[in-house]
Amino acid sequence: TLLTLTLLLGVAYPLTVTLVSQLIFPWQANGSQIISKENKLVGSALLAQSFSKEEYFHSRPSASAYASVGGGGSNLGMSSPLRAEFAHQQAAAGQDNSPAMLTRSGSGLDPQLPLDAVLAQVARIAQARQLDPEQLTELVKSRAQAGILGPQIVNILELNLVLDKEKDA
């Protein structure tokens, strides 16, 4: 029975699940990878990346430095002095005036930001890219998706790729 269960649950079941997921959900099963038109891996739609240039929308700060291996939150509670100190440092560093940008991501890898946190960055990006702020606001709103039990969210990597694509056009 041990050999039968090992073959059934340790080999047959995982293999079946892998094959079915590759057939039905190939993009998701392979990590939701975003590939450039030059056929290079840009990133994953499921993982945040660090953007620091003025012409890009910035992701929420990451306690794991955007490393997917060992990713995790800071585990600092609302009353933690270290959490408050981090928020003050972010504000002093000129982070856009949004609570989402003054606190770290829960997992350290969240690729989305609430719509209001993205809209708070529009003036900076419009100035850096010499774009009309109203048109940029409309572009951001068009990329918003319904959040799970919360506000609308925007995937920062995908939004920045759209901006780069329009710049190249």
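Cut-offs and rules
Residues numbered from 1 in each chain as written. Predicted model: local features only at pLDDT ≥ 70, side-chain atom pairs only at ≥ 80, totals over all residues. Heavy atoms only, no water. Helix = DSSP H or I, 4+ residues; strand = E, 2+ residues; numbered from the N terminus. Contact = heavy atoms within 4.5 Å. Axes fitted to C-alpha atoms, helices over the stretch in contact; angles between N-to-C directions. Parallel < 35°, antiparallel > 145°, perpendicular 65-115°, else oblique. Left-handed = near helix turned anticlockwise from the far one by under 90°. Buried < 20%, exposed > 50% of the residue type's maximum accessible area, 1.4 Å probe, protein only. Nonpolar A, V, L, I, M, F, W, Y, C, P; charged D, E, K, R; others polar.

Before going further, it helps to examine the overall build of the protein. Broken down by element type, the protein carries 8 helices and 4 strands. Listed N to C, the secondary structure of the protein is α-α-β-β-α-α-β-α-α-α-β-α in terms of helices and strands. When contacts within the protein are restricted to residue pairs at least 6 apart in sequence, long-range pairs at least 24 apart make up 57% of them.

Running from amino to carboxyl end, helix α7 (residues 133-142) crosses helix α8 (residues 156-168) at an angle of 135°, the nearest separation of the two axes being 11 Å. Between α7 and α8, the angle falls in the class oblique. As α7 packs across α8, the resulting crossing turns out to be right-handed. On α8, the residues touching Leu-136, Leu-139 and Val-140 of α7 are Leu-159, Val-162, Leu-163 and Glu-166.

On to helix α6 (residues 122-129). Among all positions of α6, only Val-122, Arg-124, Ile-125, Ala-126 and Arg-129 are buried. In this fold, the buried residues of α6 make contact with α5 (115-119), α7 and α8. Downstream of α6 by one or two residues, Gln-130 has phi in the positive range, about 55°.

With that settled, consider the packing of α6 against α7. Closest axis-to-axis distance for the α6/α7 pair is 9 Å, and the angle between their directions is 120°. In terms of orientation, α6 lies oblique with respect to α7. Handedness of the crossing formed by α6 with α7: right-handed. Facing α6, whose interface residues are Val-122, Ile-125 and Ala-126, α7 presents Pro-133, Leu-136, Thr-137 and Val-140. A class-by-class count of the residues in the contact of α6 with α7 yields 6 nonpolar, 1 polar and no charged.

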